[in-house]
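A look at the structure
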Amino acid sequence: MEVIDTTSAPGAIGPYSQAFKVNGAVVTSGQIPVNPADGSVPEGIAAQAEQSCKNVAAILEAAGTGMENVYKTTCFLADMNDFAAFNEVYAKFFVSKPARSCVAVRTLPKGVLCEIEAIATA
């Protein structure tokens, strides 16, 4: 197992890693829309979805793979009314259309609107 850690994505805010590479796969932790450069969170679901996708992409890149190799995602939304707007952004990044679960949750860390985790081939 190899721990993946990059400053190009937000650092863990708890006792976990950004990702692990194991047995030919990369498994990311959930990525919330925090800008790793300054810790800011953009306004609105579209901007937050984009930042979460960028964070996933940065971690995958650090692991030596990319978004095109993602085969499963789990997405968490604070409000299912944001589903369509979230999907518009998500589709631009996950062009391979990986298998996905998308659920509404009561709250997310830092009060954000979305979180994305991914599994990709290494």
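The structure under discussion appears in the preceding block.
Counting from 1, residues in each chain are numbered in the order their sequence is written. Confidence filtering applies because this is a predicted model: local features only for residues at pLDDT of at least 70, side-chain atom pairs given and counted only at 80 or more, and all residues used for totals across whole chains, interfaces and linings. The side-chain numbers reported here are obtained from all heavy atoms of the structure, hydrogens and water having been left aside.

Structural notes on the packing of helix α1 (residues 45-62) against helix α2 (residues 83-93)
When two helices pack together, their arrangement is given by the angle between their axes and by how far apart the axes lie. At a closest axis distance of 8 Å, the pairing of α1 and α2 adopts a crossing angle of 30 degrees. Taken together, the axis directions place α1 and α2 in an arrangement best described as roughly parallel. Classified by chirality, the crossing of α2 by α1 is right-handed. Residues Ile45, Ala46, Ala49, Glu50, Cys53 and Lys54 of α1 form the contact with α2, whose participating residues are Ala85, Phe86, Val89, Tyr90 and Phe93. Classes in brief: Ala, Val, Leu, Ile, Met, Phe, Trp, Tyr, Cys and Pro nonpolar; Asp, Glu, Lys and Arg charged; the others, Gly included, polar. The residue inventory of the contact of α1 with α2, partitioned by class, reads nine nonpolar, no polar and two charged. A fitted line through C-alpha atoms represents every axis, and for helices the fit uses only the stretch in contact; the resulting angles, taken between N-to-C directions, go from 0 to 180 degrees. Secondary structure elements follow DSSP: runs of H or I of four or more residues count as helices, runs of E of two or more count as strands, with numbering from the N terminus. Throughout, the term roughly parallel applies to angles under 35 degrees, roughly antiparallel to angles over 145, roughly perpendicular to angles from 65 to 115, and oblique to all others. In this scheme the crossing of two helices becomes right-handed for a clockwise turn of the near helix relative to the far one and left-handed for an anticlockwise turn of less than a right angle. Whether two residues are in contact is decided by their heavy atoms: any pair within 4.5 Å suffices.

Notes on the environment of Ile45
Structurally, Ile45 can be placed in helix α1. Partly exposed describes any residue whose relative accessible area lies between the buried limit of under 20% and the exposed limit of over 50%, with all areas from a 1.4 Å probe on protein chains only and scaled to the type maximum. You can call Ile45 buried: its relative accessible area is 10%. For Ile45 and Ala78, which are 33 residues apart along the polypeptide, the C-alpha to C-alpha distance reads 9.7 Å.

Some details on the nonpolar core
Throughout, nonpolar core names a set of buried Ala, Val, Leu, Ile, Met, Phe, Trp, Tyr and Cys residues whose side chains join them through atoms within 4.5 Å. Residues Val56, Leu60, Phe86, Phe94 and Ile116 are the most contacted members of the largest nonpolar core, which totals 25 residues. Counting residues per element, the ones that place at least two in this core are α1, β4 (70-77), α2 and β6 (114-121). Per-element accounting of this core gives the leading share, seven residues, to α1. In terms of nonpolar packing, the next biggest core, distinct from the first, is built from five residues, Ile32, Val34, Leu108 and Val112 among them.

Section: the packing of aromatic side chains
Aromatic rings from Phe, Tyr and Trp, taking only the six-membered ring of Trp, are treated as a pair when their centres fall within 6.5 Å; an angle between ring planes under 30 degrees marks them as stacked, one over 60 as edge-to-face, and anything in between as tilted. Tallying each qualifying case throughout the model produces two aromatic pairs. Note on Tyr90 and Phe94: the rings are 4.4 Å apart at their centroids and 25 degrees apart in plane angle, and the pair reads as stacked. Each of the two residues, Tyr90 as well as Phe94, counts as buried. Each member of the aromatic cluster is reached from another via a ring pair, and the members are Phe86, Tyr90 and Phe94. The positively charged end of Arg100 is found above the aromatic ring belonging to Tyr90, 4.6 Å away from the centroid. The criterion is that NZ of a Lys, or CZ of an Arg, lies within 6 Å of the ring centre and within 35 degrees of the ring normal, and then a charge sits over that ring.

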